[in-house]
Amino acid sequence: MDDFGSYVRNSRGLVVQPRMGFSVPDTMRSGLAATADARADTVGTITLDSFTRVGDLETAARAVRSGADLNGYPVLTHDPSVTGWVIADSVAAGFPVQVRHGSALAHPIVDRVVQVGLSATEGGPISYCLPYGRTPVADAVTDWARTCETLASARTPTRIPHLESFGGCLMGQLCPPSLLVAVSILEGLFFAEHGLTSMSLSYAQQTDEVQDREALEVLGRLAARYLPTTQWHIVVYAYMGVYPTTVGGATDLLGAAARLAVAGSADRLIVKTVAESQRIPTIEQNVTALEYAADAAVPADIPLCDSGIEEEAVALIEGALDCHRDIDTALVRALDRGILDVPYCLHPDNRGRSRAVIDGTGRLQWSSIGSMPLPLRDTRAHAMSSTALLHNLHHVQNKFDVPHLPYTREEELT
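Keep in mind that this is a model prediction, so the values were computed, not measured.

Moving on, we come to the side chain of serine 127. Within the fold, serine 127 resides in the loop between strand S4 (120-123) and helix H7 (137-152). Here the side chain of serine 127 touches phenylalanine 166 through a polar contact of 3.5 Å, landing on its backbone nitrogen. Beyond its immediate sequence surroundings of up to four residues, serine 127 is in contact with Tyr132, Phe166, Gly167, Leu170 and Glu187.

Residue alternation in S4 divides its side chains into two sets, Ala120 and Glu122 and Thr121 and Gly123, and both sets are buried. The pairing of S4 with strand S5 (residues 162-165) spans four bridges and is classified as parallel. The residue bridging glutamate 122 from the neighbouring strand is glutamate 164, located in S5. Taken together, S4, H7 and S5 constitute a β-α-β crossover, and its handedness is right-handed.

The next subject is the confidence of the model for the protein. For the protein, the average pLDDT comes to 94, and 96% of its residues sit at 70 or higher. pLDDT under 50 marks residues 409-414. Its contacts with residues more than four places away, or in other chains, come to 12 contacts.

Before going further, it helps to examine helix H5 (residues 80-93). With 14 residues, H5 extends 20 Å from end C-alpha to end C-alpha; this agrees with the ideal 20 Å at 1.5 Å per step. Along H5, the sharpest change in direction is near 50 degrees and occurs at isoleucine 87. Within the span of H5, buried status applies to Thr83, Val86, Ile87 and Ser90. Where H5 is buried, its residues meet helix H2 (25-37), strand S2 (44-47), strand S3 (97-100) and helix H6 (107-116).

A word on the pattern of salt bridges. Side-chain pairs of opposite charge can arise whenever the charged atoms involved come near each other. Applying the stated criterion across every chain yields a total of 12 salt bridges. Arginine 62 serves as the salt-bridge partner of glutamate 58, at 3.2 Å between the closest nitrogen and oxygen. Remark: arginine 62 and glutamate 58 occur in helix H4 (residues 57-66); sequence separation between them is four residues, near one turn of the helix. Among the residues examined, glutamate 58 registers a relative accessible area of 57% and is labelled exposed. A relative accessible area of 39% means that arginine 62 is categorised as partly exposed. The closest approach of N and O atoms between arginine 225 and glutamate 310, which form a salt bridge, is 3.2 Å. Residue arginine 225 is located in helix H9 (residues 209-226), and its partner glutamate 310 is located in helix H12 (residues 309-321); the two are separated by 85 residues in the primary sequence.

Of note, serine 265 is a non-glycine position whose phi angle comes to about 60 degrees, a positive value. Structurally, the position occupied by serine 265 is in the loop between helix H10 (247-263) and strand S8 (268-270).

Enumeration over the complete set of coordinates arrives at six aromatic pairs. Between tyrosine 128 and tryptophan 144, the ring centres sit 6.2 Å apart and the planes meet at 65 degrees, which makes this aromatic pair edge-to-face. Placement of the pair is tyrosine 128 in the loop between S4 and H7 and tryptophan 144 in helix H7, with a sequence separation of 16 residues. Like tyrosine 128, the residue tryptophan 144 is buried in the burial classification. An aromatic cluster is present here, built from Tyr128, Tyr132, Trp144, Phe166 and Tyr237 joined pairwise through their rings. When the ring centre of tyrosine 237 is taken as origin, the NZ or CZ atom of arginine 19, which lies over that ring, is 5.8 Å away.

This next bit is on the packing of H9 against H12. Relative orientation of the contacting elements H9 and H12 amounts to 40 degrees, with a least axis distance of 9 Å. Comparing their axes, H12 and H9 come out oblique. Crossing of H9 against H12: the hand is right-handed. Seen from H9, the contacting residues are Gln211, Glu214, Ala215, Val218, Arg221, Leu222, Arg225 and Tyr226; seen from H12, they are Ile309, Glu310, Ala313, Val314, Ile317, Glu318 and Leu321.

What follows deals with the nonpolar core. Counting residues in hydrophobic clusters, the biggest one holds 113 residues, and the most contacted among them are Ile46, Leu179, Ile185, Phe190, Leu222, Leu269 and Leu340. In terms of residues, this core owes the most to one element, helix H8 (residues 177-193), which gives 10 residues. With five residues, the next largest nonpolar core counts Phe4, Val15, Val43 and Ala120 among its residues.

Judged by which residues are buried, S2 turns out to be covered on both faces: Gly44 and Ile46 on one side and Thr45 and Thr47 on the other are all buried. The pairing of S2 with S3 spans four bridges and is classified as parallel. In the sheet register, isoleucine 46 faces S3, and the bridge partner there is valine 99.

Criteria and thresholds
- Residues numbered from 1 in each chain as written.
- Predicted model: local features only at pLDDT ≥ 70, side-chain atom pairs only at ≥ 80, totals over all residues.
- Heavy atoms only, no water.
- Helix = DSSP H or I, 4+ residues; strand = E, 2+ residues; numbered from the N terminus.
- Polar contact = N/O pair within 3.5 Å; in protein donor to acceptor, adjacent residues only side chain to side chain.
- Contact = heavy atoms within 4.5 Å.
- Buried < 20%, exposed > 50% of the residue type's maximum accessible area, 1.4 Å probe, protein only.
- Pairing = 2+ DSSP bridges.
- Right-handed = clockwise from strand over helix to strand, strands pointing away.
- pLDDT = per-residue confidence, 0-100.
- Expected span 1.5 Å × (residues − 1).
- Bend = angle between axes of the 7 residues up to and from the residue.
- Salt bridge = Lys/Arg side-chain N within 4 Å of Asp/Glu carboxyl O.
- Phe/Tyr/Trp six-rings, centres within 6.5 Å; stacked < 30°, edge-to-face > 60°.
- Lys NZ or Arg CZ within 6 Å of the ring centre and 35° of its normal.
- Axes fitted to C-alpha atoms, helices over the stretch in contact; angles between N-to-C directions.
- Parallel < 35°, antiparallel > 145°, perpendicular 65-115°, else oblique.
- Left-handed = near helix turned anticlockwise from the far one by under 90°.
- Core = buried A, V, L, I, M, F, W, Y, C linked by side-chain atoms within 4.5 Å.

Set out below in structure tokens:
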């Protein structure tokens, strides 16, 4: 049975997954085989190239014709029979493969994904729209409704389509956990409204493991409350912001992500490699990262606290749902009214009045809430200058790199 969600939930331990995408079909096929053979519980990934993500298929086609490398797999350029060959061994072995893409207007991609026989992908009408361009949110919502329905229509007695919300990542960093949790839940409700019964809810590792563990516990509780009739699991992303440049720093950060995933009862972890800060990782670097993360996925003594993340997340979810009884309209109106407001996001449909800061304890806190229905706290101590913003952006990189200096990036990675 092709059931990405059940495969993950029924695995023995934490499932680890690479961010892997190669433009050459033979290399992509080899990457999937190497992932399946890794000494870990894994699922496969086909990550698409940036031209395909934004619909620039002419440029993608020129690159394929000329033999130029792309930063991912151009699924709309290669003939469906070629992609069928790429995934044939994985499908025959029952090894799940997810397509990851980053497109605000995803229907052509998902239509092709279904055509070639795959049924697991990721995204969402907010999480794949706000960070990546200027596509109007209303257009993204309309397209993603159609996308979800196309994916859901691929269900058969032996295939259960699966969609992962990217809501737990958004801008990658400097977004307090309550908004990440809220957007994941809201996109899950959107997916369910448009016919999907199997989904995953995401959360990206942030700046403080205690705060992150609380956020994961809240995400699980709210998923059980708001999505009781769906099959879901939680996926953690290794840190999505400015990444350590030393091998030691990158390795330590990945290990911390694996331990966080276990402590937070997540079922899957999207890994990063030591090469993230400067180049597209090789197949071998991906496998090394997968096996290291699997070994590092052990119980960790991360305290469970209550700092109000659940109260904030519920306020944001309910505030958005109060905008309209139809989830599609509610999401558009929630952004227009600033009920949802992503800090440091320049998309024209984002109000841009919220701000966040890493406080003196290393936790993410709101420094401005704009019009979001959150408790109004004294934020005078959290004013953010441009210098402070730059320091915040590099907070995690410095935290993990400094213990491994004075080695340089070039000395460690060569």
